[in-house]
Amino acid sequence: MTTSAQGNEPDAPTGSAAPTANAMRRALGRARAGVALDTAEAAVLLQARGDDLKELMASAARVRDAGLEAAGRPGVITYSRSVFIPLTRLCRDKCHYCTFATVPGKLRRAGHGMFMSPDEVLAIARRGAEMGCKEALITLGDRPEDRWPEARAWLEAEGYDDTIAYVRAMAIRILEETGLLPHLNPGALTWTDFQRLKPVAPSMGMMLETTAERLWSEPGGPHYGSPDKEPAVRLRVLEDAGRSSVPFTSGLLIGIGETCEERAESLFALRRVSRSYHGIQEVIIQNFRAKPDTAMRGMPDAELDDLVATVAVARHILGPSACIQAPPNLVDAEYEQLIAAGIDDWGGVSPLTPDHVNPERPWPQVDELAERSAAAGFRLRERLAVYPEYIRRGEPWLDPRLLPHVTALADPETGLAREEAIPTGLPWQEPEEAFSASGRTDLHHTIDTEGRTGDRREDFDEVYGDWEALREAAAPGMAPSRVDADVKAALSRAADDPTRLTDPEALALLHADGPALDALCRIADDLRRATVGDDVTYIVTRNINFTNVCYTGCRFCAFAQRRTDADAYTLSLDQVADRAQQAWDVGAVEVCMQGGIHPDLPGTAYFDIARAVKERVPGMHVHAFSPMEVVNGATRTGMSIREWLEAAREAGLDSIPGTAAEILDDEVRWILTKGKLPTATWIEVVKTAHELGIRSSSTMMYGHVDQPRHWLAHLRLLAEIQQETGGFTEFVTLPFIHTNAPVYLAGIARPGPTTRDNRAVTAMARILLHPHIPNIQTSWVKLGTEGAAEMLRSGANDLGGTLMEETISRMAGSSYGSYRSIQDLVGIAELAGRPARPRTTTYGPVPEDRQAAALASDGHLPELLPVLGD
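Residues numbered from 1 in each chain as written. Predicted model: local features only at pLDDT ≥ 70, side-chain atom pairs only at ≥ 80, totals over all residues. Heavy atoms only, no water.

Novice: Quick question: what am I supposed to make of the overall build of the protein chain here?
Specialist: For the protein chain, the count of helices and strands is 35 helices and 21 strands. When the 870 residues of the protein chain are sorted by exposure, 63% land in the buried category. A sequence separation of at least 24 residues applies to 79% of the contacts in the protein chain between residues at least 6 apart. Taken as a whole, the protein chain presents about 30,700 Å² of accessible surface, with 50% of it coming from carbon and sulfur. (Helix = DSSP H or I, 4+ residues; strand = E, 2+ residues; numbered from the N terminus. Buried < 20%, exposed > 50% of the residue type's maximum accessible area, 1.4 Å probe, protein only. Contact = heavy atoms within 4.5 Å. Areas by Shrake-Rupley, 256 points an atom, 1.4 Å probe, with all protein chains shown as cover.)

Novice: I'm lost on helix 25 (residues 627-637) in this one. Help?
Specialist: Given 3.6 residues to a turn, an α-helix orients residues that are three or four positions apart in the same direction. Burial analysis of helix 25 places 10 of its 11 residues in the buried class, which makes it a mostly covered element. Looking at the buried residues of helix 25, the elements they touch are helix 7 (163-177), helix 8 (191-197), strand 14 (590-594), helix 24 (605-616), helix 26 (641-651) and helix 28 (679-691). A positive phi of about 80° marks Gly-638, the residue just after helix 25.

Novice: Help me understand the packing of helix 1 (residues 21-33) against helix 3 (residues 50-71) in this model?
Specialist: Between two packed helices, the angle of one axis relative to the other and the distance separating the axes together describe the packing. Relative orientation of the contacting elements helix 1 and helix 3 amounts to 20°, with a least axis distance of 9 Å. By the angle between their directions, the pair helix 1 and helix 3 is classed as roughly parallel. In the packing of helix 1 onto helix 3, the handedness of the crossing is left-handed. Contacts between helix 1 and helix 3 pair Met-24, Leu-28, Ala-31 and Arg-32 from the former with Asp-52, Glu-55, Leu-56, Ser-59 and Arg-62 from the latter. Grouping the constituent residues of the contact of helix 1 with helix 3 by class yields 4 nonpolar, 1 polar and 4 charged. (Axes fitted to C-alpha atoms, helices over the stretch in contact; angles between N-to-C directions. Parallel < 35°, antiparallel > 145°, perpendicular 65-115°, else oblique. Left-handed = near helix turned anticlockwise from the far one by under 90°. Nonpolar A, V, L, I, M, F, W, Y, C, P; charged D, E, K, R; others polar.)

Novice: When you look at unusual backbone geometry in this model, what are you seeing that I'm missing?
Specialist: Glycine aside, negative phi is the norm for most residues, and most peptide bonds take the trans geometry. Look at the link from Glu-395 to Pro-396: it is a cis peptide, with omega at 5°. Assignment of secondary structure puts Pro-396 in the loop between helix 15 (388-393) and helix 16 (403-407). The backbone phi angle of His-278 is positive, close to 55°, even though this residue is not glycine. When its relative accessible area of 30% is taken as the criterion, His-278 is described as partly exposed. At Glu-662, a position not held by glycine, the phi torsion is positive, near 50°.

Novice: Quick question: what am I supposed to make of the nonpolar core here?
Specialist: Across soluble globular proteins, nonpolar side chains have a tendency to be buried as a group. Counting residues in each nonpolar core, the largest one holds 133 residues, and the members touching the most others are Met-593, Phe-625 and Trp-682. When neighbours within four sequence positions are excluded, Trp-682 is seen to be in contact with Pro-627, Gly-658, Thr-659, Ala-660, Ala-661, Leu-664, Arg-669, Leu-677, Leu-718, Ile-721 and Phe-728. If you look at the next biggest cluster of nonpolar residues, it comprises 121 residues, including Leu-107, Met-114, Tyr-277 and Tyr-335. (Core = buried A, V, L, I, M, F, W, Y, C linked by side-chain atoms within 4.5 Å.)

Novice: When you look at helix 35 (residues 848-857) in this model, what are you seeing that I'm missing?
Specialist: Restricting attention to buried positions, one finds in helix 35 the residues Arg-850, Ala-853, Ala-854 and Ser-857. On an axial view of helix 35, the arc spanned by its buried residues comes to 95°, and they lie on one face. Residues of helix 35 that are exposed and angled more than 90 degrees away from the buried face: Glu-848, Leu-855 and Ala-856. Packed against the buried residues of helix 35 are helix 23 (573-585) and helix 34 (822-831). Just downstream of helix 35 lies Asp-858, where phi reads positive at about 60°. (Arc of directions from axis to C-beta.)

Novice: Can you help me understand the pairing of strand 9 (residues 379-382) in this one?
Specialist: Within a regular beta strand, the side chains point alternately toward one face of the sheet and then the other, so they alternate between its two faces. Only one face of strand 9 is buried: it carries Leu-380 and Glu-382, and the other face, with Arg-379 and Arg-381, is open. Bridging between strand 1 (residues 76-88) and strand 9 involves 4 bridges; their strand directions are parallel. Bridged to Thr-78 within strand 9 is Arg-381. (Pairing = 2+ DSSP bridges.)

Novice: Explain the packing of aromatic side chains here, please?
Specialist: Pairs of aromatic rings are described using the distance from one ring centre to the other and the angle between the two planes. Applying the stated rule across the entire model yields 15 aromatic pairs. A ring pair is formed by Phe-625 and Trp-644, whose centres lie 6.4 Å apart and whose planes are at 75°; its orientation type is edge-to-face. One end of the pair, Phe-625, is in the loop between strand 15 (621-624) and helix 25; the other, Trp-644, is in helix 26, with 19 residues separating them in the sequence. We classify Phe-625 as buried; its relative accessible area is 1%. Ring pairing ties together the aromatic residues Phe-546, Tyr-606, Phe-607, Phe-625 and Trp-644, which thus form one cluster. The ring of Tyr-843 carries Arg-839 above its face, with NZ or CZ at 4.0 Å from the centroid. Across from the ring centre of Trp-584, 3.6 Å away, lies the NZ or CZ of Arg-850, which sits over that ring. (Phe/Tyr/Trp six-rings, centres within 6.5 Å; stacked < 30°, edge-to-face > 60°. Lys NZ or Arg CZ within 6 Å of the ring centre and 35° of its normal.)

Novice: How do you make sense of a positive patch on the surface when you look at a structure like this?
Specialist: Taken together, the side chains of Arg-89, Lys-106, Arg-108 and Arg-109 present a region of like positive charge at the surface. Its location among the elements puts Arg-108 in helix 4 (residues 104-109). (Patch = residues over 30% accessible without salt bridge, like charges linked within 9 Å, V, L, I, M, F, W, Y side chains within 5 Å. Salt bridge = Lys/Arg side-chain N within 4 Å of Asp/Glu carboxyl O. Lys, Arg positive; Asp, Glu negative; His and termini not counted. Charge placed at Lys NZ, Arg CZ, Asp CG, Glu CD.)

Novice: How should the pattern of salt bridges be read in this particular structure?
Specialist: Close approach of charged atoms lets side chains of opposite charge pair. Applying the stated criterion to the full structure yields 60 salt bridges. Glu-41 is the salt-bridge partner of Arg-30, the closest N and O atoms lying 2.8 Å from each other. Residue Arg-30 is found in helix 1, and its partner Glu-41 is found in helix 2 (residues 39-45); the two are separated by 11 residues along the sequence. With a relative accessible area of 29%, Arg-30 lands in the partly exposed category. With a shortest N-O distance of 2.7 Å, Arg-528 and Asp-534 are connected by a salt bridge. For Arg-528, a relative accessible area of 0% corresponds to the buried category. Within the structure, one salt-bridge network assembled from shared partners comprises Arg-236, Glu-239, Asp-240, Arg-243 and Arg-272.

Novice: I keep staring at the environment of Ala-661 and nothing clicks. Help me out?
Specialist: Mapped onto the fold, Ala-661 is located in the loop between strand 16 (655-656) and helix 27 (666-672). Distance in space between the C-alpha atoms of Ala-661 and Leu-677 is 8.9 Å, their sequence separation being 16 residues. Filtering out sequence-adjacent residues up to four positions away, Ala-661 remains in contact with Arg-669, Trp-682, Thr-699 and His-714.

Novice: How should I be thinking about the packing of helix 20 (residues 487-496) against helix 22 (residues 514-532) in this particular structure?
Specialist: Taken N-terminus to C-terminus, the directions of helix 20 and helix 22 make an angle of 10°; their axes are 10 Å apart at the nearest point. On the basis of the axis angle, helix 20 is roughly parallel to helix 22. In contact with Val-487, Leu-491, Ala-494 and Ala-495 of helix 20, helix 22 contributes Ala-516, Ala-519, Leu-520 and Ile-523. Taken together, the residues that form the contact of helix 20 with helix 22 break down as 8 nonpolar, no polar and no charged.

Novice: Explain the confidence of the model for the protein chain to me, please; I cannot follow it from the model alone.
Specialist: As a note on interpretation, predicted positions should not be read in detail where pLDDT is low. When pLDDT is averaged across the protein chain, the result is 90; 90% of the residues are at 70 or more. Taken as a whole, residues 1-11 scores under 50 in pLDDT and shows 29 contacts with residues more than four places along the chain or in a different chain. (pLDDT = per-residue confidence, 0-100.)

Novice: For this particular structure, what's the right way to read the environment of Pro-599?
Specialist: In this fold, Pro-599 is placed in the loop between strand 14 and helix 24. For the pair Pro-599 and Asn-632, spaced 33 residues apart in the sequence, the C-alpha separation amounts to 9.9 Å. With residues up to four places along the chain from it excluded, the contact list for Pro-599 reads Glu-395, Pro-400, Arg-401, Val-549, Tyr-551, Arg-563 and Arg-636.

Novice: Hey, could you run me through the side chain of Ser-245 in this one?
Specialist: Of note, Ser-245 is situated in the loop between helix 10 (231-243) and strand 5 (248-254). Classification of Ser-245 as buried rests on a relative accessible area of 3%. The contact partners of Ser-245, leaving out residues within four places of it in the chain, are Lys-198, Pro-396, Trp-397 and Lys-674.

Now the structure itself:
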């Protein structure tokens, strides 16, 4: 590797002006003092050379050493003993510096398939295991089937829907047949891809490379023509990894034409994601090396001083707890300088396979690395593909299916590798006894008598991400938008023809107050009367929340618990069936079943739940499994969403709740939840269900960090879906219950919607969804008797259900109880001056025998009826 001149006027990265001596002195002083740097100061320090660079390296090393001391491994530099498995060299991208990617013709001429075969993959993994390797680094091109028909044909012939399915299958076989831990580098993954791959790999990775958009968007740029190299796409991947609690490796590729300012911005982007989700397990600083037969073959290699300065600046920006790596095979034995600059890891080193991305640069021998590290005062220790911090954290960062494989190789005290351990294959399987009853299974009735144990779960400060970063992200969205439309004209339009209401007019009405709000509610109530009549409908139903163990990290949810929390519970299948039977006996026509995303439950558990109810009570309508649960089931089983829904229907599923929607706007969504499904995936699930004839409700939770403009977009989207599918049975308003909600306890959300908000949302739901969704439901659980009656006068026509046991809102702090009798619901309707009648899930008439059973019990469980099996 070349070294730049050691003067004070170095060769700077492309387009960067040399800093003044004063600017360098000031930036070095701030770094030395441990003061947070800004982008401009970081850009200056990236150009440090000579004595300035030595001073920068010294301060960076001090930061690194403090972090190692805090982590309990002072003086230790790590590496992973790995094998490199290039699953396919086909790629849909066209990076101008890459020799890894190739074309089908070259593969054929060389006698290779479009993908490595399972036998080829396992031969490398087995040999690596014999040599003491513990990591299988699976690298491949991005979605080759989107560009190359030959790749798609190979996948179809082998029985795989896409490349990700093949990656998943090979990861499982590696785990089962060799015991190596897969570290997956499949490129730009979607949120759903992460859910598919998380159960089969303890860690994954993708280089950010750069956030300089011009290098992607401008002709001649190194990433031009490569859809997966758009900086916004790659940042979204990093965020989705964090949302999915996947330990993730990322980093920069330096010297590809970026300026110092752009490189600094890239480092700050990595810091922002790391701070928000705590999921970036290591950052690689990789230097560009020109390769023959590429478009960038004439570009000079990144200078050693440039690499060293970038490592040092990265250490200052990312802080003492960051793990920073520089690949040892890309430098000419200048190991000591990289150590002095602040690295604490050498990355994967293979005694068996070459670096297929940089094949001209062989790996150093481990003994040599150990000697050179010792010369710099460091002990070389082997780690696993997943870093020690994440092994110690456990759930949700490690899937239970991988825990036996990881613990077989990890030192229980340090989380590093047991260097003497030889990997052996272990079954990859679902945890045993997924449905054994455990925990506070009486929560559904003791929540009203004893309440919850505490106002928050024990991992409050970790499971939701970084609260301060979240507070900064939430602030812009909480500012109300300006309303310019004439409210009087908007009211006139709404009364005359609500389907012609423009967005500015609708937004004005969502902001209405005083006499204008009263007029809006009258218009909505008149429209309700003309559309569905005066009857207030309700359903005799029972909620069955089969578990509240969940690590998704929804910041609005006070129901979710970790498995060791005092209020955590999981029901057995018999308990679920017993509760359905009890509900049937008192006249119910529906059970609504939802639960937390319990890490132990297999994707087929939902089928077992539906089947258990249908076998016990064949006539019961099973309304179950939110879109989040559908995706969880599909990704855990490796099925498509369509296949999973078809199988669920065969098991007894009749319809799905349209919950997990919250606000269908990702600006708000990623404040409300860390790891729940994105808007696009929610839409995909609902549309697919409707196409299969599985109907759903639709919902909106409001009054937290949202604004009326978000309500408008949400309602417009639901109307659009309904016009396409016709599958929504109703729209349910869900006012945010703030009392125990984490996002409120953290001081970010407002304390729920006001009465004005509730009236405006209900009225505008009636108007904006007309005539597509005729049924508008209000929530007695969240609003109480008076509040629900007021919504019935504001456009609503449905009261929802008796519920019999309502735990989710009660855990959040609702004070309106966990059930309502039929007479209670009739009383709410009477308070609004309206008659009431029962309905089915799909708003049909209730059979007479069911009505008689419900009236005999008043639609609720007898007070002394035992909860069978508890």
